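# Overview (structure and organization)
Chain residues, written in single-letter form:
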Amino acid sequence: MNNLTKKILTGLVAGTFLFAGVGNVSAERIERPAQHQEQDLNALAKKISTKYEVSEKEVLSALQDRRDLEDIRQAAFLAKASGKSFKQVLSMKSDWRDVRKNLKVTDEKFESVKQEFFLKDLAEKSDLDTATLKKLLEENYHPHDISTAGRLAKVSGREVREVLDMKKINNTWAEVAEQLGVEKNLIRPDGNDRPPIPQR
């Protein structure tokens, strides 16, 4: 990643993409299934496991033990950042900033993992590859515009830059979708698809 991309991502972290806590699972609010059905817990465990590359079995066990979801998120993020197991990190639960310190997760490592998740989430929401995302961010396109244009480009068969160029200061993404002849339900209100960026 070049210095310009790093500066852009750092700026996003310092600005509108700050969320409480050490890490979040996804841009959507994830809640424990109301019925606590086994299949729902399995699906949630798989989602967290896939996102943070931690043990699905260990995450499922924590969910079944009714551990707090925020603690599960924090532990998953720090497990990824430290190389420790999810179970080991979760067992250290106290103040998560102290846990991070005890795990010796440096600022550099923390920022690196944070940026990795930012790009991963944005790639998922935009249907674009990481290399394309980095270029567009370097060109100062807003992540919300990138993710929206990426979705519209995919369903319309257009190039993402062509779709981005259709968005002007005096029109909306819903109007761009109409121009492209695609469903407006692909458009999310600004901010609803912001990838999560954890705080230190």
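Every value quoted in this text rests on a predicted model; they were computed, and no experiment measured them.

### Brief notes about the confidence of the model for the protein chain
Scored by pLDDT, the protein chain comes out at a mean of 80, with 74% of its residues at no less than 70. For the protein chain, per-element mean pLDDT is lowest for helix α1 (residues 3–14), which scores 47, and highest for helix α5 (residues 86–91), which scores 96. pLDDT under 50 marks residues 10–21. Its contacts with residues more than four places away, or in other chains, come to 31 contacts. Below pLDDT 50 for its whole length, residues 190–200 participates in 49 contacts with residues either more than four positions away or in separate chains.

### Thoughts on the environment of glutamine 64
Structurally, glutamine 64 is set in helix α3 (residues 56–64). The exposure class of glutamine 64 is partly exposed, given its relative accessible area of 40%. Between the C-alpha atom of glutamine 64 and that of asparagine 42, which follows or precedes it by 22 residues, the distance is 9.5 Å.

### A word on the side chain of asparagine 171
Relative to the helices and strands, asparagine 171 is located in the loop between α10 (160–166) and α11 (173–180). Here asparagine 171 falls in the buried class, since its relative accessible area comes to 13%. Engagement of the side chain of asparagine 171 in a polar contact is seen with the backbone oxygen of methionine 166, the distance being 2.9 Å. One polar contact links the side chain of asparagine 171 to the main-chain amide nitrogen of lysine 168, over a distance of 2.6 Å. With near-sequence residues (within four places) excluded, asparagine 171 lies in contact with Met166, Val176 and Gln179.

What counts and how
- Residues numbered from 1 in each chain as written.
- Predicted model: local features only at pLDDT ≥ 70, side-chain atom pairs only at ≥ 80, totals over all residues.
- Heavy atoms only, no water.
- pLDDT = per-residue confidence, 0-100.
- Helix = DSSP H or I, 4+ residues; strand = E, 2+ residues; numbered from the N terminus.
- Contact = heavy atoms within 4.5 Å.
- Buried < 20%, exposed > 50% of the residue type's maximum accessible area, 1.4 Å probe, protein only.
- Polar contact = N/O pair within 3.5 Å; in protein donor to acceptor, adjacent residues only side chain to side chain.

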